[in-house]
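A look at the structure
The residues making up each chain are set out below.
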Amino acid sequence: MPFRERYTGLINRYRDRLPVHDDTRIISLGEGNTPLIRLNNIPGIIGKDVDIYVKYEGLNPTGSFKDRGMTMAVTKAVEEGSRAIICASTGNTSAAAAAYAARAGITAFVLIPEGKIAMGKLAQAMMHGSVVIQIKGNFDDGMRLVKEVAEEAPVTIVNSINPYRLQGQKTAAFEIVEELGRAPDYHCLPVGNAGNITAHWIGYCEYSSASGDHVTEACAFCHGQCRYAGGAIVGNRPKMVGYQAAGSAPFMRGAMVDNPDTVATAIRIGHPQSWDMAWKVKDESGGWFDECSDAEILATQKLLAENEGVFCEPASATSLAGALNDINTGKIPEGSSIVCTLTGHGLKDPDTAIKQSTAPMLTVEATLDSVKTAILDNMS
Ligand code: AN7
């Protein structure tokens, strides 16, 4: 007898709230159930009395939140008889698609922008045996091509325009409410295609409602996948705050951006696929969008790594970078509880991390004396 029930992934955990049947073959790698880490040191550093938690989605099986959506999308693709999946990706979706396709025994085709995805993500797509198609264009070009080719070839799209993706991703909100006993006051996320911010809002709305029909307009986009909602809201819901990289911020410009650019390559997206839904999420929740510079993003990635021991990729640090800006100005008031989603692991992009690292790296002779000197010279 095991001491406690084995965790077998988020579909099994939340199957009464997800579009699966009793006999559905679940394609899972044990995703979900990620740590919600309270920041112990950063509030003191910025001198503000706030409760900040980071939801460390980088600890999913392929190192990003995409696994939550991919377990659901691939499970349904297989159930519906599909033999191949396809996606455009800035890297994390392709890593997840490749892994879950390998698990299911089907083919994954991934379109990535040549030269613009982080090394760890490329390694994953290649290692899991997906067919990697580099395009001489950006994510938005890839997304357009994926939609076109899926009209003509027997492949299932597993980008977040696949409604099952958001169904899987909404479970992150369930976990947060269960762990805190309530929703936070603010939930901050990096925004690229805006699928994840929409999925979280669906999750919070479902969790906070008593029963019945859809309670959020955004939820109407679940295409009838969602079993919850309706009627009275019984729990609290957070204000949803979406942060973009300044060079890639269509929600700030109020229009699509044709040549997005940012060091946070995961969110180098100028034509968000969940554009309408994300505006609804902002309005319904009373939240907002804002932007961060690349310098702020990298500084926050480092702040978090050095002061809390949590390593996330640049795009993920955007949620905390934006939150810290808004805490500093008082837009997020003291006394608030805040959850920032750290969407992907820092190991995804070792090149950017090493390039901006300022930690001393010493090379010394292999002798006791020189090692001892190096230690004594660097004691703080
Ligand atoms: C680390 O992999 O779009 O706003 O193709 O990898 O739901 O798009 C990645 C997106 C944030 C943005 N943080 O989420 C892809 C892709 C990380 C990401 C986002 C992504 P959405």
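For the structure itself, look to the data block above.
Residues numbered from 1 in each chain as written. Predicted model: local features only at pLDDT ≥ 70, side-chain atom pairs only at ≥ 80, totals over all residues. Heavy atoms only, no water.

Moving on, we get to the sheet that holds strand E10 (residues 337–342). One open sheet holds the six strands; their spatial order is E1-E2-E10-E7-E8-E9, and the pairing between them is mixed. Edge positions in the sheet fall to strand E1 (36–38) and strand E9 (288–292), since each of these pairs with one other strand and no more. Ignoring which end each strand starts from, the neighbouring axes of this sheet average 25° apart. Bridging between E1 and strand E2 (residues 51–56) involves three bridges; their strand directions are antiparallel. (Pairing = 2+ DSSP bridges. Helix = DSSP H or I, 4+ residues; strand = E, 2+ residues; numbered from the N terminus. Axes fitted to C-alpha atoms, helices over the stretch in contact; angles between N-to-C directions.)

Right, let's talk about the site of the ligand for a bit. Looking at the ligand, there are 24 residues lining it, with Asn-92, Thr-93, Asn-193, Ala-194 and Thr-343 nearest. Within the backbone of Thr-90, one N or O atom sits 2.8 Å away from an oxygen atom of the ligand. One nitrogen or oxygen atom from the side chain of Thr-343 is found 2.7 Å from a nitrogen atom belonging to the ligand. In isolation the ligand has 480 Å² of accessible area, and contact with the protein removes 99% of it. For the shell around the ligand, the elements supplying multiple residues, two or more each, are helix H4 (92–104), helix H9 (195–208) and helix H13 (314–329). Residues belonging to the shell around the ligand are distributed by class as follows: ten nonpolar, twelve polar and two charged. (Near = heavy atom within 4 Å. Polar contact = N/O pair within 3.5 Å; in protein donor to acceptor, adjacent residues only side chain to side chain. Areas by Shrake-Rupley, 256 points an atom, 1.4 Å probe, with all protein chains shown as cover. Nonpolar A, V, L, I, M, F, W, Y, C, P; charged D, E, K, R; others polar.)

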